[in-house]
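Spelled out from the first residue to the last, the chains are:
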Amino acid sequence: MCHVLRLLSVPTDRSVGGSRQGATFASRIQPVGSPLSSCKHGPCFEESDHVDSSPLQASMGRWDFPFVVDSRLGFKGTCWIGECRLDMQSHTFIGFAVSSGCGRDPSILAGHGRFSVQPHLRPGPPLLLARVRWMMVLPRPILPGFPRTVQPTWVVPPRLDRGPRARFTTNSSNMAKAHELVAYVNGKRHVLPNGAGEWTLLQYLRHVGLSGTKLGCGEGGCGACTVMVSRRNVWTDRIEHRAVNACLCALYSVENCHVITVEGIGNLRKGLHPVQEKLAHAHGSQCGFCTPGFVMSMYALLRSKHETPTEEDIEEALAGNLCRCTGYRPILDAFRVFAKADTRAYTHELEGNGTRACGKDGKEKMKDGICPGTGLPCRGGCSQQKSCCEKGGHNGKERSVDLDCGDAELIFPPELVTRTPEELHVPGKRSTWHRPLSLESLLDVKHRFPDAKIIVGNTEVGIEMKFKHAGYPQLVDGSIVGELNEIHILQDSLVVGSSVTLSTIVDYLRYNSKCKGSSMAMAFLGQLKWFAGLQIRNAAAIGGNICTASPISDLNPLLVCCNASFEVQRRGSASRFISANSFFLGYRKTAMHPEEVLVRVHIPLSKPYEYVQEFKQAHRRDDDIAIVNAGMRVQFKPPEGSSLLWVVEDIAIAYGGVAPNTVAAEETAAHIVGKPWTLDTLRKAVDIVSEEIKVGKDAPGGMVEFRNSLVTSFLFKFFAISGLKLAKDAGEQAVGEMPAGADSAAKPYERPPSKGLQYWGPPADGRQLCGERIPVGEPVMHMAAELQVTGEAQYSDDCWPAGTLVGALVASKYPHAEIVAVDPADAIAMEGVQGFFSAKDVPGSNAIGAVALDEECFATKIVTAVGQPIGIVVAETEQQARAAALKVHVEYKELPPIISIKDAIAAGSEYKGEGHSIIKGNADGVFESGEYLVMEGECRIGGQEHFYLEPQNTLVIPGEGSEISMFSSTQAPMKHQKLVASVLGVPANKVVCRTKRIGGGFGGKETRSFYVACAAAVPSYLLNRPVRLCLDRDEDMQTSGHRHAFLCYYKLAYTPHGKVVAIDAHLFNNAGNSLDLSTSIMDRALLHLDNVYNIPHMTCKGHVCKTNQMSNTAFRGFGGPQGMLVMEMILEKVAAQVRKTPVEIREMNFYKVGEKTHYGQALDNARHLDCWTQVIENSEYHRRRLAVDEFNKTSKLRKRGISAVPTKFGISFTTKFLNQAGALVHIYTDGTVLLTHGGVEMGQGLHTKVAQITAATLGIPLSSVYVAETATDKVPNASPTAASASSDMYGAAALDACQQLMVRLRPYMDEMPGKTFKEVVNAAYLDRVDLSAHGFYKTPDVEGFGSARPFNYFCFGASVSEVEIDCLTGDFQVLRTDIVMDAGNPLNPAIDVGQVEGAFVQGMGWCCIEELVWGDEEHKWVKPGQLHTRGPGTYKIPTANDIPIDFRVSLLAGRPNDRAVASSKAVGEPPFFLSTSVFFAIRDAIRAARSQESKSLDFELDSPATPERIRLLSADKLTGSQIADDIRPGGSW
């Protein structure tokens, strides 16, 4: 039915939407000829068949109607007054605003439902109207921090609950052209380009200048590219908001959608969205590269939820986002405010969350709590208030954080509400895009193109196209075919269309009454919870997961065990059904014919006494592919005869990850059918399944023993879970004897929301300046935080000038080979390619290197590692450059490679003269004396990928003559300047390197970034055009080096009480194919071998191994953690030998204050004892030690462990000349200051801290100081930003410059008391005083490695961690961690706490989760020299789900450091090693498991302590009978 609306002019003085003052002119709209009925709140529409042919007389209207507003925002009431606007020329609905009826508070619509626009074939005069922005006001905030005032660009009214739906008549002749590919981005209409079927949404967004959406990995694994996509569901007629990965989302899949990026929800000029504001002010952004992704994940959650999200919802929504800097805790704290309406929950949880100040007795006293408005420790007494006034982040006077204030919300565009999807056929050079609307049309496309790929979320095909270089000429969008989007219950089966997304399935299973409580539904929900990240689940369809036929699919084993059937169809034929058990034929091979389409999946619902269970074990819990998974189902029936035991009527057992395809354990199932659920049945089943399902030696994926053990573990768990359920449902007599530990085996994984405490003392300097605190010592916000949360912070790959070419490296495919020939002819002939450049084109020197010039810019005759650059292709676009790089033909002659440390030792491959020694006492004499117990052993420590979120990249811009400017993501701009100048053959004074900020570095961009700059500089210089080179994540991980893997062979002498007397240790590291910094890294490992222990006799020798890996390099800790971990591993062994606790052994061997290290430096002002004593007390270690032991007595298959670990870390470069720094300070006549220094901001807050020092020294507000980019033409010859010394050095250099300026200004200050800084500066300026100063600092006394004082001072710390492991699977979680860190008088305690937390979580990844897998003797299934783990799909860093559930950090208060600026201490690297408390807590739990099984307690736990190692070392005798007691899983050492 069509209603024509007559507009009656009515003046009104009511503000539009109740949000603006003043009168507006409106018109009343009503269906002509239909009477208005009344409800208690006012008139409403009634149905009418009358149609008026009168032309529309006005353009604006006002009408009354009833409806129910979106309940997710918590609004009440049913009747509202609205105002609309039509554009009669384009026949589109422009705007809609509402205010309350009956004098209630005004409110807002969220955009669900719509008004339909129907074409009306009647001539009428067109009337063009201007676009209007409407202001609307919420009645009240349901969530703290949720916006009260919202200013949308577009607002769509909801469907009316009573009366007819309002409709508008339009002239169809003026409809938008059907062939336009229309999408909206941040409220603006975009017509998508033709011929871009292979483009991703991310490529398009960055192409149009929306650089806030970042490229982190390109495979949907990091979340940096998260955006919100809103679309109208044509079947439910609702607007759906989903977070998706833009890097995988096909561009044309967002046609008819609204894409919202971080730029669209708030910015500095117009105001921050509350999500952005909370994250910035809670110190949740460090490097900032991942920040827009977190913001958009949280924003999409709030937009998509129909109720207030829980803390669990928030953590689940963020599971697909990775952060390498913060340790996640401040991010979770920032967003937790959106899950809590009662702010008192912040101030009363966890024994009084807040800061602690130190009293005169040195003990900490509790003060006020966490401010609910900022998430910061609050000393201003504002924790019970609604808002907290902030200055620079907290307790100031300038910024008022009002929890009720908000910003503009972009609402679904009206054009898209009325725009009907059409079939698409968009040809392209690489791929043609098809979008059928019906099943018939889809089958026709598939018939014509049998090899066409049907995609919905593009989560698999997109990865194949990008990383496997798959070419798919025909891409078919199956997302809006009706039959493929069905989900319903039919005849006791769940029917799911193949295009239904995984998130939709989750919602249906949760809320459908027939599915609630169903064992099948619960199993699928349990598996989908850990299926990738939410962004992937929002996009990926069940059909894609099935048809990919991955052997590690999480869903396929469940589908097999549930007897699911797949309905497939081809053109002209009826549907046929294939059982899931016979569907998967081999590796990624199915029983479907090429022209067939999977239409529906039929899954039978569970019956009474039928139990379905899912299983999955991965490297980490969240967003990870399975190592092994399984689905199991059993149907019980009552007993027959006199027996009370129920018997198995039917059972199905299916596994993934153990064969090329999903397999069913049919022989095992056949044995169980008809038998009771008894221990004997289980034992026999375990024996059968261990033979039936067996992973072969050297099978792809490795971990053979582990995967085989999981087969029996899962069966054991299923037996325990099902037995307990049957006993509950049918009575305990229904099951036989349960195996020991059944309760603990059946315990589901549970993780409450994480929580944390952060303690620090008050600032050492309590002076006031102009009514404000001196900025030094205050927890002010990171200076770029607000830029980072809005996406406005610029990184080096975010913008480039017009005409910029894009480079792609041509890299070696072999670890060691001779280059026979290079032929780029095919590449050069390709469209857009501007040239190929290799060693013969280098205008200057081809020799490059970090220390020694032992590398080549481009390989000449020999390649020595996979990924080594041979040349570079440059083209007009990245797609062209990468395609051309694949066409460069390189002919090789392979040579034998050396990959691992053991290979190098066997071949005697070392960098001669680079392995140094430290000798103290006479270790050999002690061993020969025979007076002590002697132990020999081997420690193995794996490497670690940096996984900075921003990949290596550079932009090189040629200038006049031979000038070169670079914008590089590097920690060492000087190194770039020097080497690029050398490669180009130009003087260094013509080369400038600039770095605004980098998206994480951790040492990985100290030296391994220069080869990217050198490679890009050659074509830029020769072509005289800008060249951009950005590595893909897989290229970056393969080529840019890692933390060094270490081996240590040691001999130890100790007393029967556990006192270590002597050690002889030989340390080996894997340097790779060039020296890089490996010598210095080994030196630091030797210097830190003692940790905090006084060992009278030490002989330490380093060996720097030369291998055919790309050169390994600096990483947070720089070798120190490896050296300390060796010592801690040894002490754990000693504790086991003398039967004492590791804590007792550690305390027995501690240094005393004033004693000297093994290299001769005195430990003056040592604070390891202070940190140790405090962390033992704070953590209640001794009480919890007893509690852990009690838990382990009653829990057979889940064990807990607890451990305490100290650290000592030396601060300074161990190469003497690097300990220098410069800074440049300008004062302008308006009283503001420009600061430039040689350090690089990479998230550690360096710029903020140096600015705080500058402001405090000059006596000005922090807001008056601006830090410019780091550039070699401002501060020359700067040392790399590394060694944790940057705040010390650049802070001191800035202090020197400011002190010079103060000397010049002091006379004017004395003459002008009470005058402002601006007035003083102007007086000096008029008197011709130089208002610019260069500061310089060199660290005093340090002499470098080989001296008795290699370090300026030491940082100390201690931590206690408690873990729980699952002995059947190797899964673990950290229950609680307490840290006490010595940070001197912190320059910025909030930033320092963030560094401690981030370092700890990163370190936990190193020693417990992250594992590099190389193609070596241990991993023959990987090509030699290839890095298998070169992306987030295979290499797993910690997620928010992995951090300690209870995370408490204290900064040691009242301990100033007189050897650094403002009595502070470094904090970047020192906390990293404290993460090993988790590693040793896991070892403690394994010890408990082995003790229970009467296994030897002298076992080897290598680093990292992955689930594989945990499971194999703690296996029980029933499920692990095939595992040797002394097993030691291999690794890439």
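Our subject in this report is the structure included herewith. Every chain is numbered on its own, with residues counted from 1 as its sequence reads. In view of the model being predicted, local features appear only for residues whose pLDDT reaches at least 70, and side-chain atom pairs are presented and counted only at 80 or more, with totals across whole chains, interfaces and linings using the full set of residues. In computing side-chain values, all of the structure's heavy atoms are included and hydrogens and water are not.

**Quick notes on the overall build of the protein chain**
Then, number 1: Here a helix means four or more residues in a row that DSSP labels H or I, a strand means two or more in a row labelled E, and each is numbered from the N terminus. Secondary structure summary: the protein chain contains 38 helices and 64 strands in total.
Then, number 2: Counting only residues that meet the buried cut, the protein chain has 66% of its 1533 residues in that class.
Then, number 3: We get accessible surface area from the Shrake-Rupley algorithm with a probe of 1.4 Å; when it comes to residues, only the shown protein chains can shield them. Accessible surface computed for the protein chain: about 52300 Å², of which carbon and sulfur atoms make up 51%. Only protein chains enter the area calculation, which uses a 1.4 Å probe; residues under 20% of their type maximum are buried, those over 50% are exposed, and those in between are partly exposed.

**Thoughts on the nonpolar core**
Then, number 1: Take the buried residues of types Ala, Val, Leu, Ile, Met, Phe, Trp, Tyr and Cys, join any two whose side-chain atoms come within 4.5 Å, and each joined set is a nonpolar core. Core analysis: the largest hydrophobic core is formed by 258 residues, its most contacted members being Phe 335, Tyr 655, Trp 677 and Ile 1482.
Then, number 2: Counting residues per element, this core draws most heavily on helix H18 (residues 704-730), which supplies 14 residues.
Then, number 3: Residue contacts follow a heavy-atom distance rule, with two residues in contact if any of their heavy atoms lie within 4.5 Å. Residue contacts for Phe 335: discarding those within four places in its chain leaves Val 275, Leu 279, Phe 294, Val 295, Met 298, Ile 314 and Leu 318.
Then, number 4: Residues Leu 509, Met 520, Ala 540 and Ile 542 belong to the second largest nonpolar core, which totals 79 residues.

**Details of the packing of aromatic side chains**
Then, number 1: Only the six-membered ring of Trp is used, alongside the rings of Phe and Tyr, when aromatic pairs are assigned; centres must lie within 6.5 Å, and planes under 30 degrees apart are stacked while those over 60 apart are edge-to-face, with the rest tilted. Within the structure shown, the criterion is met by 23 aromatic pairs.
Then, number 2: Look at Phe 1354 and Phe 1356: their rings are 6.3 Å apart centre to centre, the planes differ by 50°, and that puts the pair in the tilted class.
Then, number 3: For Phe 1354, a relative accessible area of 6% puts it in the buried group.
Then, number 4: Judged by its relative accessible area of 2%, Phe 1356 is buried.
Then, number 5: Between Trp 1406 and Phe 1472, the ring centres sit 5.4 Å apart and the planes meet at 35°, which makes this aromatic pair tilted. Taken together, the residues span a long stretch of sequence, with Trp 1406 in helix H36 (residues 1389-1409) and Phe 1472 in the loop between strand E64 (1446-1451) and helix H37 (1476-1492) at a distance of 66 residues. Each member of the pair Trp 1406 and Phe 1472 is classed as buried.
Then, number 6: Charges are assigned to positions over rings by a cutoff of 6 Å between ring centre and Lys NZ or Arg CZ, combined with an angular limit of 35 degrees from the ring normal. Across from the ring centre of Phe 1115, 4.2 Å away, lies the NZ or CZ of Arg 1043, which sits over that ring.

**Here's the deal with helix H8 (residues 439-448)**
Given 3.6 residues per turn, any residue in an α-helix points the same way as the ones three and four places further on.
Then, number 1: All buried positions along H8 are accounted for by Leu 439, Ser 441, Leu 442, Leu 443, Val 445 and Lys 446.
Then, number 2: Considering only its buried residues, H8 is in contact with strand E22 (432-435), strand E23 (453-455), strand E24 (474-477), strand E27 (565-569) and strand E31 (597-604).

**A few points about helix H5 (residues 329-336)**
Then, number 1: The element H5 is extensively covered by neighbouring structure, given that eight of its eight residues are classed as buried.
Then, number 2: The set of residues buried in H5 consists of Arg 329, Pro 330, Ile 331, Leu 332, Asp 333, Ala 334, Phe 335 and Arg 336.

**Examining the environment of Val 866**
Then, number 1: Tracing the chain through its elements places Val 866 in the loop between strand E44 (862-863) and strand E45 (869-875).
Then, number 2: Given the relative accessible area of 4%, Val 866 is considered buried.
Then, number 3: Sequence separation of Val 866 and Met 1110 is 244 residues, and the distance between their C-alpha atoms is 7.0 Å.
Then, number 4: Among residues more than four places away in sequence, those in contact with Val 866 are Ser 812, Lys 813, Tyr 814, Pro 815, Gln 1038, Met 1110, Pro 1424, Gly 1425 and Gln 1426.

**Describing the sheet that holds strand E15 (residues 238-245)**
Then, number 1: By this definition, two strands are paired if DSSP reports at least two bridges between them. Judged by pairing direction, the sheet is mixed, and its five strands sit side by side in the order E13-E12-E16-E14-E15 without closing on themselves. Edge positions in the sheet fall to strand E13 (188-191) and E15, since each has one partner strand and no second. Each strand of the sheet is rotated relative to its neighbour by a mean of 30°, with strand direction disregarded.
Then, number 2: In the sheet, strand E12 (residues 182-185) pairs with strand E16 (residues 258-260) via two bridges, with the strands oriented parallel. Across the sheet, residue Tyr 184 finds its bridge partner in E16, namely His 258.
Then, number 3: Lying over the sheet, helix H3 (residues 291-304) contacts strand E14 (226-233), E15 and E16, oriented at roughly 25° with respect to E14. Every angle, taken between N-to-C directions, lies between 0 and 180 degrees, and every axis is a line fitted to C-alpha atoms, over only the stretch in contact when it is a helix.

**Side note on empty space enclosed by the protein**
Then, number 1: Cavities and pockets were defined on a 1 Å grid built from protein atoms only: a cavity is a group of points that admits a 1.4 Å probe but offers it no way out, a pocket is an open group of points flanked by protein on both sides within 12 Å along at least five of seven lines, and a lining residue is one with an atom within 4 Å of any such point. Grid points are joined across faces, edges and corners, and a volume is the space filled by probe spheres set on the points. Here the largest cavity defines a volume of roughly 430 Å³.
Then, number 2: Along the walls of the largest cavity sit 29 residues, with Met 1242, Gln 1244, Ser 1284, Gln 1395 and Gly 1468 positioned nearest its centre.
Then, number 3: Elements supplying a minimum of two residues to the lining of the largest cavity: helix H33 (1246-1258) and helix H34 (1286-1311).
Then, number 4: Under this grouping Gly is polar, as are all residues other than the nonpolar Ala, Val, Leu, Ile, Met, Phe, Trp, Tyr, Cys and Pro and the charged Asp, Glu, Lys and Arg. The class makeup of the residues in the lining of the largest cavity is 12 nonpolar, 12 polar and five charged.

**Some points on the packing of helix H2 (residues 274-281) against H3**
Then, number 1: Where H2 contacts H3, the axes come no closer than 9 Å and their chain directions differ by 135°. The angle between H2 and H3 places the two elements in the oblique class. Here H2 runs over H3; the crossing is right-handed. The segment H2 lies against H3, with Val 275, Gln 276 and Leu 279 engaging Thr 291, Val 295, Met 298, Tyr 299 and Leu 302.
Then, number 2: Residue classes in the contact of H2 with H3 are distributed as six nonpolar, two polar and no charged. For classification purposes, an angle smaller than 35 degrees is called roughly parallel, one larger than 145 roughly antiparallel, one from 65 to 115 roughly perpendicular, and anything else oblique. By definition, turning the near helix anticlockwise from the far helix through less than a right angle yields a left-handed crossing, and turning it clockwise yields a right-handed one.

**What about the sheet that holds strand E46 (residues 889-894)?**
Then, number 1: Spatially, the three strands line up as an open sheet ordered E44-E40-E46, and their pairing is antiparallel. With one partner strand each, in any of the chains shown, E44 and E46 form the two edges of the open sheet.
Then, number 2: Summarising the sheet, strand E40 (residues 817-823) and E44 pair through two bridges and their orientation is antiparallel. Directly across from Glu 818, in E44, lies its bridge partner Ile 862.

**Side note on unusual backbone geometry**
Then, number 1: Between Ser 1503 and Pro 1504 the backbone carries a cis peptide bond, its omega angle lying at 10°.
Then, number 2: Along the polypeptide, Pro 1504 turns up in the loop between H37 and helix H38 (1507-1513).
Then, number 3: In this structure, Ser 1463 is a non-glycine residue whose phi angle is positive, near 60°.
Then, number 4: As for its placement among the helices and strands, Ser 1463 is situated in the loop between E64 and H37.

Everything listed is a geometric property; what it means functionally is a separate question.
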